[in-house]
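An overview of the molecular structure
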Amino acid sequence: MKNIGLCLVFVAVRVTCFSQVSDSLVYPEVIVSDQRIEEAIGTSVSEADTLLYKLLQSKGLTQVLEVESFISTRSYNPGGTAVFSVRGSGPQHTQVVWDGIPINDPMLGLTDLSTISLSGISGVRVLYGGAGLTNNSGGIGGTIELISTEPRKKDGVDVKLNGYAGSFGTYGVSLQLRDRYKKLFGSTSVEYQTSQNNFKFRNLATIAKEDKVLEHALVKRIGFSKSLGVNINQRNTLSASIYYSQVSKELPPSMLMVASIETLFDRDIWASIKWRRIGKKSVISVTAAYIYGNQQYFDNNEYTFHHLYQANKNLVRYKLNLGHNLHFEAGGDVFVENAKSDSSYRSQPHWRYWQAAFASLKYVPKKWVAAQVLVREDVIDGKFSPAQGLVGVEVKPTKWFSIKGNVARNFRAATLDDLYWVPGGNRDLKNETGFSAEGGIGFKTKTKTVGFSFDATYFHSEIDNWIIWLPLGNIWTPQNKRAVRSQGIETKLETAVNIGKVLLNLNAAYTWVSSKVTEGASANDAAVGHQLIYVPLHQAKAHFSVHFAKAFLLYGHQYTGLRYTTSDNTSSLPAYQLGYVSVGYEYSIKKHTIGVNFTVDNLFNTDYQTIAWRPMPGRSFLINLNYQFN
């Protein structure tokens, strides 16, 4: 394609803003939450670039991860059900956490990215492989961390108001308010978004490949979050948070269908109370959380089903500075999950009781080496899980060169659907077990005008007892019948250059992921030796931005390689490239700031699919107006 040369220029790179950037430049401050997961030593982490997160926030979590991480995402349509793959694993092998609290659906074992409102979420991080073991198990592929809005540091109030409108009937508005008065602090966020998604597409399923307009694709989203906190004294803080998201979707027909009247309604509630005490050499935190999920589906035959799951999740974390550069951390979890489904379980509720404990010792001197040993054990319904653990090392022989690596063992428990689906659930399933290892090198240098860093990581993982649904007589049932080996390379390079009042940034990345079935469900399993479906072998993405005073211009480009749609790799979706451009300006007077930016997505009007026979939109436009008072 004509843009492949441009894409290849950006291969192997990814950029963030460096600390020497002048305050006069339009590049928002990076907000760091003290509630975030502290990743394990020797592991890989990627974090959403602040400017891109601000531009992409209105488009949802799927697009944020697609542009800003090594994750491969796919969705049935814009705003539709969206899943993902991290390092060649399945979506059920990655944990999604909110302020350290796992929120994966216990029925499916995964999180639909399209159901998450980013109201009250100030940033997103991805912890790869065993990096999230200090927080929870199950993240064989990795952990996606949602970072809540950070409280104000000083007394007063600040307000952010954002409104946007774009192609295909897209409209939205969001409001964020933060306040602090002496010992009391809090924040409130509200979001509303709607999109008709009535875009034109070429129907490849017809002989004439006729142009059509996508119908029955309306998406409406409401998001709300509220947090309250009090600094009881200099050492103790008590806080409470609640998050609410409601998504109503019309499910459009595929290219193979004439019409559809399917709809899906999804409601999620997350709530937590947290006490945190900071001592002279220790920190202890206790969190009690409640997770609620409710889905209602209506199909063409006027059939409905109702899924409901709830969970109480209690977490304790303790950190102690032992001196001599040694840091000890321990924690425990007590989870109670229950689910009820009129289609899956015939309205019979099922419960699961989960306890876990871990301990970690880190050696973190100020000089050139750091190391960590971690062990973890989970008990589910009275049965011990496979032993888990991680050993990680980072070495920095010079200021500009570093080496890191780790080996880890993790596991994933069968989902409630795997165990109790009627008919076909299998209560004798074994846990999936995963072994992973990674190693990487990094180069980093910074002067007053130039910042540069390059990282390259090789990873390897093995997942045994992979659960797959297979026919047993006339009934499909889950069985531990496969094994999968994934290996790959992740490279990124970050660079920023200040030329007077002009800031230039280049941000790009390249990934190669080979994820193949090594053990089949039977002696004749055609999947053995072939790439997993919807896992691209090659991906590249990049953006280049220019900032001058209060204005910026950004161009981004991404390449997604061929993806197989059948396990024997006989059918596939072609590779595609997408370009996007955004231009913006901000005007400030005293404590008030008004900004505007205009974005063109799919700049070259590319026809593409992320899931077979599900069209994605061509060129589209979005204008965004924002106001900030601080």
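Let me begin by describing the structure that accompanies this report. (Residues numbered from 1 in each chain as written. Predicted model: local features only at pLDDT ≥ 70, side-chain atom pairs only at ≥ 80, totals over all residues. Heavy atoms only, no water.)

1. Structural notes on the overall build of the chain
- Within the chain, the secondary structure is distributed over 4 helices and 36 strands.
- The C-alpha radius of gyration computed for the chain amounts to 24 Å, which stays within 12% of the reference 25 Å derived for 630 residues, consistent with globular compactness.
- On the principal axes, the C-alpha backbone points of the chain span a range of 70 × 60 × 45 Å.
- Looking at the chain as a whole, 54% of its 630 residues are labelled buried.
- Across the chain, contacts joining residues at least 24 apart in sequence account for 64% of those joining residues at least 6 apart.
- When the 65 basic and 51 acidic side-chain charges of the chain are each reduced to a single mean position, those positions are 8 Å apart. (Helix = DSSP H or I, 4+ residues; strand = E, 2+ residues; numbered from the N terminus. Rg over C-alpha atoms; globule rule 2.2 N^0.38 Å. Buried < 20%, exposed > 50% of the residue type's maximum accessible area, 1.4 Å probe, protein only. Contact = heavy atoms within 4.5 Å. Lys, Arg positive; Asp, Glu negative; His and termini not counted. Charge placed at Lys NZ, Arg CZ, Asp CG, Glu CD.)

2. Let's talk about the environment of Ala612
- By the secondary structure assignment, Ala612 is in the loop between β34 (609–611) and β35 (614–615).
- Distance from Ala612 to Thr188, taken between C-alpha atoms, is 40 Å for residues 424 residues apart in sequence.
- Not counting residues within four places of it along the chain, the set of residues in contact with Ala612 comprises Tyr534, Thr565 and Leu573.

3. Observations concerning helix α3 (residues 61–68)
- The buried fraction of α3 is high, at 7 of 8 residues.
- Among the residues of α3, those classed as buried are Leu61, Thr62, Val64, Leu65, Glu66, Val67 and Glu68.

4. Some remarks on a nonpolar patch on the surface
- A cluster of nonpolar residues, Leu553, Val583, Tyr585, Tyr587, Ile589, Val596, Phe598, Phe621, Ile623 and Leu625, forms a patch on the protein surface that exposes about 920 Å² of accessible area.
- If one sorts the elements of the nonpolar patch by residue count, strand β32 (residues 576–589) sits on top with 4 residues. (Patch = residues over 30% accessible without salt bridge, like charges linked within 9 Å, V, L, I, M, F, W, Y side chains within 5 Å. Areas by Shrake-Rupley, 256 points an atom, 1.4 Å probe, with all protein chains shown as cover. Salt bridge = Lys/Arg side-chain N within 4 Å of Asp/Glu carboxyl O.)

5. Some points on the side chain of His557
- Mapping His557 onto the fold places it in strand β29 (residues 551–560).
- Taking the relative accessible area as the measure of exposure, His557 reaches 1% and is therefore buried.
- In terms of polar contacts, His557 uses its side chain to reach the side chain of Tyr555, at 2.6 Å.
- Only 2.8 Å separates the side chain of His557 from the side chain of Gln577, close enough to count as a polar contact. (Polar contact = N/O pair within 3.5 Å; in protein donor to acceptor, adjacent residues only side chain to side chain.)

6. Points about the sheet that holds strand β4 (residues 94–98)
- Ordered in space as β1-β6-β7-β4-β5, the 5 strands form an open sheet in which the pairing is mixed. Of all the strands in the sheet, the pair left with one neighbour each is β1 (45–47) and β5 (101–102).
- In the sheet, strand β6 (residues 121–128) pairs with strand β7 (residues 142–148) via 7 bridges, with the strands oriented antiparallel. The partner of Leu127 across the bridge, within β7, is Thr143.
- The sheet contacts of α3 involve β1, β6 and β7, and relative to β6 the element is tilted by about 50°. (Pairing = 2+ DSSP bridges. Axes fitted to C-alpha atoms, helices over the stretch in contact; angles between N-to-C directions.)

7. Re the side chain of Ser44
- Note on placement: Ser44 falls in the loop between α1 (4–9) and β1.
- Within polar-contact distance, the side chain of Ser44 engages the side chain of Lys404 at 3.3 Å.
- Look past the residues within four positions of Ser44 in its chain and what remains in contact with it is Arg87, Val126, Leu127, Tyr128, Ala131, Lys404, Glu438 and Thr457.

8. Focus on the environment of Gln95
- Position of Gln95 among the secondary structure elements: in strand β4.
- With 37 residues separating them along the chain, Gln95 and Gly132 place their C-alpha atoms 8.6 Å apart.
- Not counting chain neighbours up to four residues away, the residues in contact with Gln95 comprise Pro102, Asn104, Asn136, Ser137, Gly138, Gly139, Gly142, Thr143 and Ile144.

9. Some thoughts on the pairing of strand β36 (residues 620–629)
- Strand direction decides the pairing type here: strand β8 (residues 156–166) and β36, joined by 8 bridges, are antiparallel. Of the residues in β36, the one forming a bridge with Gly166 is Leu622.
- Note that strand β33 (residues 592–601) and β36 share 10 bridges and pair antiparallel. Within the sheet, the bridge partner assigned to His592 lies in β36 and is Phe629.

10. Side note on the packing of aromatic side chains
- Applying the stated criterion across every chain yields a total of 13 aromatic pairs.
- When the centroid spacing of 6.0 Å and the interplanar angle of 15° are considered together, the rings of Trp400 and Phe443 count as stacked. Of this pair, Trp400 sits in the loop between β22 (388–395) and β23 (401–412) while Phe443 sits in strand β24 (residues 432–446); the two residues are 43 residues apart in sequence, bridging distant segments of the chain.
- For Trp400, a relative accessible area of 49% corresponds to the partly exposed category.
- Ring plane angle 35° and centroid distance 6.5 Å describe the contact between Phe443 and Phe454, whose orientation is recorded as tilted. Note that Phe443 is positioned in strand β24 and Phe454 in strand β25 (residues 450–472), a separation of 11 residues in sequence.
- On the basis of relative accessible area, Phe454 is assigned to the partly exposed category, the value being 21%.
- Among the aromatic residues, those joined into a cluster by ring pairs are Trp400, Phe401, Phe443 and Phe454.
- Lying over the aromatic face of Phe335, Lys313 brings its terminal NZ or CZ to 5.0 Å of the ring centre. (Phe/Tyr/Trp six-rings, centres within 6.5 Å; stacked < 30°, edge-to-face > 60°. Lys NZ or Arg CZ within 6 Å of the ring centre and 35° of its normal.)

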